[in-house]
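Residues per chain are reported as follows:
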Amino acid sequence: MIKCVVWDIDNTLLSGVYLESGAELPDADRQLTGVLHQLAARGILNALASRNPPEAAAYVRQQTGADFAAVECGWESKADAIARIAAGLSLAPDAIAFVDDDMLERAEVAARLPDVLVLTPDEAAEAPDWPQFSPAVITAEARRRSQLYAERRCRQAAAAQFGGSREDFLRRAGTRITIGPAGPGDLPRLHELSIRTHQLNSAGQPLTQAELSGLLAAPEYAMITVRLADDFGDDGLVGAAITTGNGASGGLAAPVPAVSLVVSVPLIMMSCRALGRGVLDALLAWLCRSAVADGAAELRIPCLISERNVPMRLALATAGLRAEPASVAADGRAVFSRPLTGELPRLPDWVTVE
Amino acid sequence: MSNEDVSAVADELRGMLAQVTGRPEVLGVPDGVRLFGAGVGLDSLAGALLLRQVQRRYGVDVAAEDLNLDALETLGTLAAFIAARCRGAS
């Protein structure tokens, strides 16, 4: 699924060359302007990579009326520009498409970033009909996505200026993490997260809305949501976990049915947009503490071992979970666990539990 | 493996870390400080980016070789892990 389209400007979004047009600047390409807005309405981000001065980007923004989540203007390699855009937005290269009329630019990007989907402007005009540009569900979070990234840019700029530690910054920014039970209204967003999350997804397989609905109704499972906001903006529902065992109530409301000594977590998923803001660490700390409150002695989190979800494994290790190297199953999963004794991961005081 | 090797690797790692985090102050992080949680306070994406750089520079795939990623506890443990693998290969 494509999450961001990186556009060239000259002879792509503009029907002409910005720097060669003299007083009469070229108009925006009408068809591609339509595509920009269509994709944005589906929650797909747009970005610019152009061999032009920054004024060209401002001109394109004004002509198309579109928001751009990232802008790279300069005379260096476009593959480097796309890599910086991907890093800035925490996106993997295979979530990015690149549109350029210049065959050499397309060839350079295709060679250096083979996972990026490289398109001509003609192909991009048809892209809205393609499955990788057509998310099945479009949630409130998706419609606000380019705004969320704009807030994120402000937050990152403030963080770069801020002299203190990351924790001090999160406190100063008024970070609010809310952990609570999922409801039926959350199902479309949970389904979307299950499709879109890869770097921070323990199960590594998407769940349909019907499957999620079944899990929500099943008494032996608890579904937990994580919401994130701060003074820069409200990111909404950014993550979730499913637990089972004697934490089936998730420590929330319902009485504990039967006492077992182990709480298992078949799924943890978190939006990459939340990375760096302590949300996954907070969720893992809460899972430990809630399992303890339910009388469990051990927390188990099966995790697919893949190249893509290394950030998930790092978070598990930081929360004190370990797996036996010999225990990696044929399906590529290993069970990470930790005893719930001794020092548990700390739950910051800006986390609210509902 | 000599201590000089490990310390040279650790210095290079500090440079990579400054690059992936955009935080120049990490150039001053001592070898023994924990990278995650309290300590340097890296987020897990920065850790994954660091491992990608390590693989490109040294050809050592830490994520594939170390299931629990214990090598990433500190810059010192990561440098020792890499130095041991590089020496094993040469």
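What comes next is a walk through the structure. (Residues numbered from 1 in each chain as written. Chains lettered and ligands numbered in written order. Predicted model: local features only at pLDDT ≥ 70, side-chain atom pairs only at ≥ 80, totals over all residues. Heavy atoms only, no water.)

1. Some thoughts on the overall build of chain A
Rules: Strands are runs of DSSP state E lasting at least 2 residues, helices are runs of H or I lasting at least 4, and numbering of each runs from the N terminus. The cut-offs for exposure are 20% and 50% of the maximum accessible area for each residue type, with area from a 1.4 Å probe on protein chains only; residues under the lower value are buried, those over the upper are exposed, and the others partly exposed. By definition, residues are in contact when any of their heavy atoms lie within 4.5 Å.
Looking only at helices and strands, chain A has 13 helices and twelve strands in total. Over its C-alpha atoms, taken along the principal directions, chain A stretches across nearly 75 × 45 × 40 Å. Across the 354 residues in chain A, those meeting the buried criterion constitute 54%. The long-range fraction of contacts in chain A, counting pairs at least 24 apart against all pairs at least 6 apart in sequence, stands at 69%.

2. Looking at the pattern of salt bridges
Residue and element names in this part refer to chain A. Going by this rule: For this analysis, a salt bridge means a side-chain nitrogen from Lys or Arg found within 4 Å of a carboxyl oxygen belonging to Asp or Glu.
Summed over the entire model, instances satisfying the criterion amount to 29 salt bridges over all chains. A salt bridge links glutamate 151 to arginine 144; the shortest N-O distance between them is 3.5 Å. For arginine 144, a relative accessible area of 28% gives the class partly exposed. A salt bridge links glutamate 167 to arginine 171; the shortest N-O distance between them is 3.7 Å.

3. Points about the packing of helix α4 (residues 78-88) of chain A against helix α5 (residues 103-112) of chain A
All names here are of chain A. Spelled out, the test is: To obtain an axis, a line is fitted to C-alpha atoms, over the contacting stretch when the element is a helix, and the angle between two such axes runs from 0 to 180 degrees between their N-to-C directions. An angle below 35 degrees is treated as roughly parallel, one above 145 as roughly antiparallel, one from 65 to 115 as roughly perpendicular, and anything else as oblique. Any residue that is not Ala, Val, Leu, Ile, Met, Phe, Trp, Tyr, Cys, Pro, Asp, Glu, Lys or Arg is counted as polar, Gly included; the first ten are nonpolar and the last four charged.
Running from N to C, α4 and α5 cross one another at 55°; their axes reach a closest spacing of 8 Å. Taken together, α4 and α5 sit at an angle that is classed as oblique. Residues Lys78, Ala79, Asp80 and Ile82 of α4 lie in contact with α5, whose contacting residues are Glu105, Glu108, Val109 and Arg112. Along the lines of polarity and charge, the residues of the contact of α4 with α5 split into three nonpolar, no polar and five charged.

4. Some remarks on unusual backbone geometry
Residues and elements named next belong to chain A. Even without a glycine there, the phi angle at asparagine 11 is positive, about 55°. Judged by its relative accessible area of 39%, asparagine 11 falls in the partly exposed class. A positive phi is found at serine 90, a non-glycine position, where the angle reads about 55°. Structurally, serine 90 can be placed in the loop between α4 and β4 (96-99).

5. Some words on the interface of chain B and chain A
Rules: Accessible-area loss on putting two parts together, using a 1.4 Å probe and summing over both, is the definition of buried area adopted here. In the analysis that follows, any N or O atom pair within 3.5 Å is treated as a polar contact, provided that within protein one partner can donate a hydrogen and the other can accept it, and provided that, for residues neighboring in sequence, both atoms belong to side chains.
Facing the 19 residues of chain B at the interface are 22 residues of chain A. Together, the buried faces of chain B and chain A total about 1600 Å²; carbon and sulfur atoms form 63% of this surface. Taken together, chain B and chain A are joined by one salt bridge. Between aspartate 70 of chain B and arginine 322 of chain A there is a salt bridge; the shortest N-O distance is 2.9 Å. Along the contact surface separating chain B from chain A lie five residue pairs in polar contact (both at pLDDT 80 or more). Per-element tally for the side of chain B that touches chain A: the top contributor is helix α2 (residues 44-58) of chain B, with six residues.

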